[in-house]
Amino acid sequence: MEHLINNRVKNIEISGIRKFFNMVADVKDMVSLTIGQPDFPTPEHVKEAGKKAIDDNITTYTHNAGLIQLREAAADFYRKKYNVDYSSEHEAIITVGASEAIDITFRTILEEGCEVIIPGPVYPGYEPIIKLCGAIPVYADIRNTQFRMTAELIDSLITDKTRCIVLPYPSNPTGISLNEEELKEIAQLLKDREIFVLADEIYSELVYEQQHVSIAQFMKEKTIVINGLSKSHSMTGWRIGMLFAPEYLAKHILKVHQYNVTCATSISQMAALEALTAGIDDALPMKQEYASRRDYVFNRLQSMGLDVIKPDGAFYFFVKIPASNISSFDFCMELVNEAKLAVVPGSAFSELGEGYFRLSYAYSTDTLKEGLDRLESYLRK
Ligand SMILES: Cc1ncc(COP(=O)(O)O)c(C=O)c1O
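Residues numbered from 1 in each chain as written. Predicted model: local features only at pLDDT ≥ 70, side-chain atom pairs only at ≥ 80, totals over all residues. Heavy atoms only, no water.

- The protein chain is annotated in an unreviewed UniProt entry as Aminotransferase from Mesobacillus selenatarsenatis.
- For the protein chain, the Sequence similarities (unreviewed entry) comment in UniProt is given as "Belongs to the class-I pyridoxal-phosphate-dependent aminotransferase family."
- A UniProt comment under Cofactor (unreviewed entry) is attached to the protein chain, and it reads "pyridoxal 5'-phosphate". (UniProt positions renumbered as here; feature names shortened; annotations may be inferred.)

### So, the site of the ligand
Here is step 1 of the chain: Surrounding the ligand, one finds Gly97, Ala98, Ser99, Tyr123, Tyr126, Asn172, Asp200, Ile202, Tyr203, Ser230, Lys231 and Arg239.
Here is step 2 of the chain: Here an oxygen atom of the ligand sits 2.5 Å away from a polar atom, N or O, in the side chain of serine 99.
Here is step 3 of the chain: Within the contact set of the ligand, a nitrogen atom lies 2.6 Å away from a side-chain nitrogen or oxygen of aspartate 200.
Here is step 4 of the chain: Among the elements that line the shell around the ligand, the one with the most residues is helix H5 (residues 97-109), at 3 residues.
Here is step 5 of the chain: For the shell around the ligand, the residue count by class is 5 nonpolar, 4 polar and 3 charged. (Near = heavy atom within 4 Å. Polar contact = N/O pair within 3.5 Å; in protein donor to acceptor, adjacent residues only side chain to side chain. Helix = DSSP H or I, 4+ residues; strand = E, 2+ residues; numbered from the N terminus. Nonpolar A, V, L, I, M, F, W, Y, C, P; charged D, E, K, R; others polar.)

### What about the sheet that holds strand S9 (residues 316-320)?
Here is step 1 of the chain: Ordered by their spatial adjacency, 3 strands build an open sheet running S9-S12-S11, and the pairing between neighbours is antiparallel. Single-partner strands in this sheet number two, and they are S9 and strand S11 (344-345).
Here is step 2 of the chain: As judged from the 5 bridges shared by S9 and strand S12 (residues 356-360), these two strands associate in the antiparallel manner. The residue bridging lysine 320 from the neighbouring strand is tyrosine 356, located in S12.
Here is step 3 of the chain: Contacting S9 and S12, helix H12 (residues 283-303) crosses the sheet at an angle of about 10° to S9. (Pairing = 2+ DSSP bridges. Contact = heavy atoms within 4.5 Å. Axes fitted to C-alpha atoms, helices over the stretch in contact; angles between N-to-C directions.)

### Let's talk about the pattern of salt bridges
Here is step 1 of the chain: Taken as a whole, this structure holds 27 salt bridges when the rule is applied.
Here is step 2 of the chain: Measuring nitrogen to oxygen at the nearest pair gives 3.1 Å for the salt bridge that ties lysine 51 to glutamate 48. Residue lysine 51 and its partner glutamate 48 are located together in helix H3 (residues 44-55), separated by 3 residues, close to a single helical turn.
Here is step 3 of the chain: Residue lysine 369 is joined to aspartate 373 by a salt bridge in which the shortest nitrogen-to-oxygen separation is 2.9 Å. With lysine 369 and aspartate 373 both in helix H14 (residues 365-380), this residue pair falls 4 residues apart, about one helical turn.
Here is step 4 of the chain: The network of salt bridges with common partners includes Arg300, Lys369, Asp373, Glu376 and Arg380. (Salt bridge = Lys/Arg side-chain N within 4 Å of Asp/Glu carboxyl O.)

### A few points about the packing of aromatic side chains
Here is step 1 of the chain: All chains considered together, the criterion is met by 20 aromatic pairs.
Here is step 2 of the chain: Each ring, one from phenylalanine 77 and one from tyrosine 78, has its centre 5.7 Å from the other, and the planes form 75°; the classification is edge-to-face.
Here is step 3 of the chain: Phenylalanine 77 sits in the buried class, given a relative accessible area of 2%.
Here is step 4 of the chain: A centroid spacing of 4.9 Å and a plane angle of 10° characterise the contact between phenylalanine 318 and tyrosine 356, whose relative ring orientation is stacked. (Phe/Tyr/Trp six-rings, centres within 6.5 Å; stacked < 30°, edge-to-face > 60°. Buried < 20%, exposed > 50% of the residue type's maximum accessible area, 1.4 Å probe, protein only.)

### So, the pairing of strand S4 (residues 136-141)
Here is step 1 of the chain: Across 6 bridges, the pairing between strand S3 (residues 115-120) and S4 is parallel. Paired with valine 116 across the strands is proline 137, a residue of S4.
Here is step 2 of the chain: This β-α-β element, S3 to helix H6 (residues 127-132) to S4, shows right-handed connectivity. (Right-handed = clockwise from strand over helix to strand, strands pointing away.)

### A few points about H14
Here is step 1 of the chain: A rise of 1.5 Å per residue sets the reference length of H14, with its 16 residues, at 22 Å; its end C-alpha atoms lie 22 Å apart and thus fit the reference within 8%.
Here is step 2 of the chain: Within H14, the full set of buried residues consists of Leu368, Gly371, Leu372, Arg374, Leu375 and Tyr378. The arc that holds the buried residues of H14, viewed along the axis, is 155°, so those residues lie on one side. Facing away from the buried side of H14, by more than 90 degrees, are the exposed residues Asp366 and Arg380. (Expected span 1.5 Å × (residues − 1). Arc of directions from axis to C-beta.)

What follows is the structure in structure tokens.
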């Protein structure tokens, strides 16, 4: 009876990152630099808050939008860190990871035939949801703009069907972050247009030299901000995300969230409350460590003669494959088989990622050193 399954579902694929990870997971002696998951444990005090929530019987449904104390902490976090003011009561929703926030946003704003402009190469979590909504992803090719989405690129792709622009910065897979001036230009371009911006800021706490700037500062009324604790507090398995949007929009997104999950897990919400209050700066020591790993990896990749842009955030390098006659998938398979090193083929990040591979440095320095040694000797051959 497979023919009865929704065609839109049949036509989407499992994420290329996972596919590749699963394929190489059982290969012996493999060094894997594939996964975008912090290698630090969740901070001890945050874990304790989760345990205490169980002991205190905070194990029931919460308000659909999340515990009000947590929403207040989330709104404070955005106010203090990124200078955007959200009402905890009407403009903040606690979600099941940033992933659910992406899903409920698109399902609230998209209709059949709408277009969504996305920079490519990009995180593969947007396109399938857009397509499930019957909408159309329109890729902005950012390979010639140093992986930066520009107002000019957006302008060239806007049509009367454009409903939303995705701004996923700091970026997975490129590590690039947009600065205030670039964001202001985009906000200026959209000033008189009825187009939403979905700003996925999940890596906002991992920007190295400059301070993260949210585009919501310049166009709050049309922006849906998505964030979460997966990366900042090493809490991928706790599944806590945050969504901020102006009230007229948040009240509709909340309905989709409610019928989807009712609320995020109460225990995780209590841990998140600790993370966003006592642990508001927990990301700082991790960020320092990532920054020194980034410098190490950058120097090594450069000394191998590879074409690579120094990332300013997140924990990825997006590296040009130094040969044009091989697909990124075949190149990565060859690395697996000949060098016992796993990195993710660029094609997992849309067609515009073809010709590149993504290397994650959310791994210990020893693992990074071994992985880079293997890459170097493979390239020498
Ligand atoms: C850009 C981006 N957005 C969203 C997510 C999903 O995050 P979460 O674990 O909060 O669902 C990820 C995870 O890798 C990501 O890289």
